[in-house]
Amino acid sequence: MTARLAVLGVGEQAEALYRNILRMPRLELAAHRSRLGWTDAEGDAALLELRTQRLVRVGPGGELVTDHPRAALERLVSAEEARLATRRQDLARVRDSIDQFAADHRIGRELSSASAPDRERVDRAELVAVHEHLAASTVGAVRQAARTAPSQDVSAYPTLRHQVQEGRELRSLYAADVVERCATWRAAWAQAGEAARVSRTLPSDFVVFGTDVALGSTEWGRSDGDFVVLRDPMVVAAFVELFDRLWSASAALEPAADEPEGLLELMRQGLKDEAIARVLGISLRTVRRRVAALMAEHGVDTRFQLALRLSERRGRAD
């Protein structure tokens, strides 16, 4: 049985006893324990919960008495709603104060004589928390290269997700062989406002926050160890340059399925027909049919010739 009253602080056994009392009033606890097959300790604990919530009281002769459940439960629900309303007001006041705390943090950083280290090792267990901290303490576009499928759910990044929804630019490059494995992740970030592309080759996993800091693995090309925060301006600039070069050479993650240019971009990335079909959301047969149709339309015999012909056409259009 699902404990419907758990949200009110009434556990599953206490709810079972409450319903038993409603059906068979004026019985003593021992009778209810016998019917429910409970031990003395289980019955005493369940009754204590009900009495604490004032759902049940003990009569002069030891019998268990309840008020009408509509009145008793309405009282508890109303009290809980009032508590939640107060809690929402408290949280709203905290949210209104975030900017003040952020200003204090900024002033502290400006006044501090000790600058942050150029290189700071991050344990893998702290990666998400550090990622969120860097998102909150920086401005500008976030560039992330995902060579491996993300191990966390999108809900683990509320700060960055809120920023993207509010207009902060997020560009993500996904390795071609992980696109299908992180479909749920991509869909959630796309809904928030992420711009994404697929790359045939990514050298390593890394994230660049604005032009201030980069976050990458301690061993280039590996993602199973610890990570490192890098703040040296030249190093960060190199990460930005690397990402932008990879971005310009990559294909849009979700090109229109009926546009030959979209198909061409994926072919240029070196994706096989199976991977192209997954990215475009169409069947493998459809991919091969469209490639064959384009080859016939342009009078070529190979995919290489087709790529050249379509590139020439696009160059004339530009």
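Provided above is the structure to which this section pertains.
Residues numbered from 1 in each chain as written. Predicted model: local features only at pLDDT ≥ 70, side-chain atom pairs only at ≥ 80, totals over all residues. Heavy atoms only, no water.

We now examine the overall build of the protein chain. Across its full length, the protein chain carries twelve helices and ten strands. Long-range pairs, those at least 24 residues apart, make up 64% of the contacts in the protein chain with a sequence separation of at least 6. Carbon together with sulfur atoms contributes 51% to the accessible area of the protein chain, which is approximately 18,800 Å² in total. (Helix = DSSP H or I, 4+ residues; strand = E, 2+ residues; numbered from the N terminus. Contact = heavy atoms within 4.5 Å. Areas by Shrake-Rupley, 256 points an atom, 1.4 Å probe, with all protein chains shown as cover.)

Here we come to unusual backbone geometry. Its identity as a non-glycine residue notwithstanding, arginine 26 has a phi of 70°, on the positive side. By relative accessible area, arginine 26 is classed as exposed at 55%. Unlike most non-glycine residues, arginine 54 shows phi in positive territory, near 60°. Along the chain, arginine 54 falls in the loop between helix H3 (40–52) and strand S1 (56–58). Exposure remark for arginine 54: the relative accessible area of 57% places this residue in the exposed category. (Buried < 20%, exposed > 50% of the residue type's maximum accessible area, 1.4 Å probe, protein only.)

Before going further, it helps to spend a moment on the packing of aromatic side chains. In total, this model carries seven aromatic pairs according to the counting rule given. Arranged with centres 5.9 Å apart and planes meeting at 20°, the rings of phenylalanine 243 and tryptophan 247 form a pair that is stacked. Of this pair, phenylalanine 243 and tryptophan 247 both sit in helix H8 (residues 233–248), four residues apart, roughly one helical turn. Of the two residues, phenylalanine 243 and tryptophan 247, both sit in the buried class. Taken together, the aromatic side chains of Phe206, Trp220, Phe239, Phe243 and Trp247 make up a single cluster linked through ring pairs. (Phe/Tyr/Trp six-rings, centres within 6.5 Å; stacked < 30°, edge-to-face > 60°.)

With that settled, consider the sheet that holds strand S8 (residues 213–217). Working definition: the strands of a sheet are paired by backbone hydrogen bonds and lie parallel or antiparallel to each other. What the eight strands build is an open sheet, ordered S3-S9-S8-S7-S4-S5-S6-S10; its pairing is mixed. Whereas interior strands pair on both sides, the edge strands pair on one side only; in this sheet they are strand S3 (119–122) and strand S10 (251–252). In this sheet, S10 lies alongside strand S6 (residues 195–199) in antiparallel orientation, the contact comprising two bridges. Each residue of the ladder has a partner; that of arginine 197, found in S10, is alanine 252. The strands that H8 touches are strand S4 (142–146), strand S5 (170–175), S6, strand S7 (206–209), S8 and strand S9 (227–230); relative to S5, the one it contacts most, it runs at about 65°. (Pairing = 2+ DSSP bridges. Axes fitted to C-alpha atoms, helices over the stretch in contact; angles between N-to-C directions.)

This part covers the pattern of salt bridges. Charged atoms that come close allow side chains of opposite charge to pair. In total, this model carries twelve salt bridges according to the counting rule given. With a closest N to O distance of 3.1 Å, aspartate 40 and arginine 33 form a salt bridge. Residue arginine 33 is classed as buried on the basis of its relative accessible area of 15%. The salt bridge involving arginine 93 is made with aspartate 90; its shortest N-O contact spans 2.3 Å. Taken together, the residues arginine 93 and aspartate 90, both in helix H4 (residues 69–111) and three residues apart, mark about one turn of the helix. With relative accessibility at 30%, the residue aspartate 90 sits in the partly exposed group. Bridged by salt links that share partners, the residues Arg143, Glu169, Arg171 and Asp244 form one connected network. (Salt bridge = Lys/Arg side-chain N within 4 Å of Asp/Glu carboxyl O.)

Once that is clear, we can look at the layout of surface pockets. Put simply, the second largest pocket is a space of about 510 Å³. Lining the second largest pocket are 25 residues, with Leu127, Pro150, Ser151, Tyr157 and Phe227 sitting closest to its centre. Contributing elements (two or more residues each) for the lining of the second largest pocket: helix H5 (127–136), S4, helix H7 (183–192), S7 and S8. Looking at side-chain class alone, the lining of the second largest pocket contains 16 nonpolar, seven polar and two charged residues. (1 Å grid on protein atoms, 1.4 Å probe; cavity = no way out; pocket = protein on both sides within 12 Å on 5 of 7 lines; lining within 4 Å. Points joined across faces, edges and corners; volume = space filled by probe spheres on them. Nonpolar A, V, L, I, M, F, W, Y, C, P; charged D, E, K, R; others polar.)

Residues of helix H2 (residues 29–36) that are buried include every one of Leu29, His32 and Arg33, and no others. Taken down its axis, H2 places every buried residue within 100° of arc, on the same side. Away from its buried face, by an angle of more than 90 degrees, H2 presents the exposed residues Ser34 and Arg35. Looking at the buried residues of H2, the elements they touch are helix H1 (12–23), H3 and strand S2 (64–66). Positive backbone phi, approximately 70°, marks glycine 37, located one or two places after H2. (Arc of directions from axis to C-beta.)

Side chains Phe227 and Val229 project from S9 onto one buried face, and the interleaved Val228 and Leu230 project onto a second face that is buried too. For S3 and S9, the ladder comprises four bridges, and the chain directions are antiparallel. Following the sheet pairing, arginine 121 is matched in S9 by valine 228.

By themselves, these figures tell us nothing about what the structure is for.
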